[in-house]
Amino acid sequence: MVESLSNPVQELAVSGEDPPEKYVYKGEHGAIDASFLVMEIPLIDMSLLTSSSAAGDEELQKLRSALASCGCFQGINHGLTSSFLDKVHEVAKQFFALPIEEKQIYSRTVEDIEGYGNDSVLSEHQTLDWTDRLYLTLSLMNELLLKAMARSLNIEEHSFFEAVRRERGTMTARFNLYPPCPRPDLILGVKPHADGSAVTFLLQDREVEGLQIMKDGQWYRVPIVPHALLINVGDQAEIMSNGEFKSPLHRVVTNSERERITLAVFCIPESGIEIGPVEELISENRPKLYKNMKNFVDIYFQNYQQGKRPIDAAKI
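Within every chain, residues take consecutive numbers counted from 1 along the sequence as written. Under the rules for a predicted model, residues below a pLDDT of 70 receive no local features and side-chain atom pairs below 80 are neither given nor counted, while totals for whole chains, interfaces and linings still include all residues. With hydrogens and water excluded, all non-hydrogen atoms of the structure serve as input to the side-chain values.

Quick word on the overall build of the protein
Put simply, DSSP H or I for four residues or longer makes a helix, DSSP E for two residues or longer makes a strand, and each gets a number counted from the N terminus. Broken down by element type, the protein carries eight helices and 15 strands. Buried positions account for 50% of the 316 residues belonging to the protein. In this description, contact between two residues means that some pair of their heavy atoms is separated by no more than 4.5 Å. The contacts in the protein between residues at least 6 apart in sequence include a share of 78% that link residues at least 24 apart. When the accessible surface of the protein is summed, it comes to about 14,900 Å², and 51% of that surface belongs to carbon and sulfur atoms. Think of it in three bands: with a 1.4 Å probe and only protein chains considered, a residue is buried below 20% of the maximum accessible area for its type, exposed above 50%, and partly exposed in between. Only the protein chains shown count as cover for residues, and the accessible areas themselves come from Shrake-Rupley with a 1.4 Å probe.

Re the sheet that holds strand β12 (residues 218-221)
Two orientations exist for strands paired in a sheet by backbone hydrogen bonds: parallel and antiparallel. In this scheme, strands are said to pair when DSSP sees at least two bridges between them. Spatial ordering of the open sheet is given by β2-β12-β11-β14-β9, a layout of five strands whose pairing is mixed. In the strand order of this sheet, the two ends are held by β2 (37-38) and β9 (188-193), each with one partner. When strand β11 (residues 211-215) meets β12, the two strands line up antiparallel, connected through four bridges. Bridging across to β12, Met-214 finds its partner in Trp-219.

Things to note about the pairing of strand β13 (residues 229-233)
In terms of residue burial, β13 counts as a mostly covered element, since five of its five residues are buried. Here strand β4 (residues 72-76) runs beside β13; their pairing, made up of four bridges, is antiparallel. Paired with Cys-72 across the strands is Asn-232, a residue of β13. For strand β10 (residues 199-203) and β13, the ladder comprises four bridges, and the chain directions are antiparallel. In the sheet register, Val-199 faces β13, and the bridge partner there is Val-233.

Some words on the pairing of strand β15 (residues 260-269)
Among the ten residues of β15, ten are classified as buried, and the element is accordingly described as predominantly covered. Taking every second residue as pointing to the same face, both faces of β15 are buried, with Arg-260, Thr-262, Ala-264, Phe-266 and Ile-268 on one and Ile-261, Leu-263, Val-265, Cys-267 and Pro-269 on the other. Taken together, the ten bridges between strand β8 (residues 169-178) and β15 define a ladder with antiparallel strand orientation. In the sheet register, Tyr-178 faces β15, and the bridge partner there is Arg-260. As paired strands, β10 and β15 are joined by five bridges and run antiparallel to one another. Within β15, the residue paired with Phe-201 across the bridge is Val-265.

Quick notes on helix α3 (residues 82-96)
Take the residue count of a helix, subtract one, and multiply by 1.5 Å to get its expected span. Look at α3: 22 Å from first C-alpha to last across 15 residues, which is about the 21 Å you get at 1.5 Å a residue. All buried positions along α3 are accounted for by Leu-85, Val-88, His-89, Ala-92, Phe-95 and Phe-96. Buried residues of α3, seen end-on, are gathered within an arc of 130° and therefore sit on one face of the element. The exposed residues of α3 that point more than 90 degrees off its buried face are Ser-83 and Lys-87. Working definition: the arc comes from the directions between the helix axis and the C-beta atoms, pointing outward to the latter.

Thoughts on unusual backbone geometry
The residue Asn-154 is not glycine, and still its phi comes out positive at about 60°. Looking at where Asn-154 falls in the secondary structure, it is placed in the loop between α5 (143-152) and α6 (161-164). If you check the backbone angles, Asn-242 has positive phi at about 55° while not being a glycine. Along the chain, Asn-242 turns up in the loop between α7 (235-240) and β14 (250-253).

A short note on the pattern of salt bridges
Salt bridge, as used here: a side-chain nitrogen of Lys or Arg that lies within 4 Å of a carboxyl oxygen of Asp or Glu. Summed over all chains, the structure comprises twelve salt bridges. Linking Glu-157 and Arg-151 is a salt bridge whose minimum nitrogen-to-oxygen distance equals 3.3 Å. Glu-157 sits in the partly exposed class, given a relative accessible area of 26%. Looking at Arg-151, the relative accessible area reads 26%, which means it is partly exposed. Asp-185 serves as the salt-bridge partner of Arg-183, at 2.7 Å between the closest nitrogen and oxygen.

Remarks on helix α2 (residues 54-69)
Across its 16 residues, α2 extends 23 Å between first and last C-alpha, which sits within 8% of the 22 Å expected from 1.5 Å per residue. Restricting attention to buried positions, one finds in α2 the residues Gly-56, Glu-59, Leu-60, Leu-63, Ala-66 and Leu-67. Burial along α2 is one-sided: seen end-on, the buried residues are contained in an arc of 125°. Residues of α2 that are exposed and point over 90 degrees away from its buried face: Ala-54 and Glu-58. Along its buried surface, α2 packs onto β3 (43-45), β4, α5 and β13. In the segment just after α2, Gly-71 is the residue with positive phi, at about 80°.

As structure tokens, then:
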């Protein structure tokens, strides 16, 4: 089948018609239900991650514990003002409120990730996500977090950052619109997956929940912490940390009443860079768990659309 793009779900949402069968989720990761337990996600004061004080050391240990258990944390005091984050939400809302014809001026092509659109369709059996996306390629500073992650493991602080520093990686921002869905019992906003990034920064909707994370075989709702950034490990950081940090499986549920808008920023090593477990994290007691790989993102997208976990291809 020739790869193509699916139609924006906004068109389906306003039509009032039943969603096509290709949006119905048939996966194996549990029933769709929005009433799961709330996950207690650690709050990390990011302003302390560069501190040499006792409080800074304590925050580093909290970071290590969070990323080794649930694979994510709520970042506060991250340096972005509340007014700026509110403006980001407003701009995204204004874009998605434009007439479909205007948004399609910015449509992405099959070959290019940047632009407006929905899933790439790789197979006639593929289940599609109930979301429209606007991708923008940005260059943002994530050095602080990646160096802190390395220091929390007592390894050289450039161990992770070296793979994604500005000239060797990208920061890609994706604005997500989840329109009201007439069948939230059957259709997911995003299928269960782990991210193919090194780390992901998520600005949640200010009012509407939807993100869920799986832990110990159970789906948990992720609460909204106003103006915090939800930050999670991606598959590439799990590989580089030799499994010390966990890339969490997560999904997005839909609802029938309110739209939801989020912003995800993915920190991605350059495709030609070989990634693998940091040598300092390999020992007799903890042997190498993952292969060294290039072009992980290409492998990631092929597996994601087929409902497979890409990191399984990297395991030894």
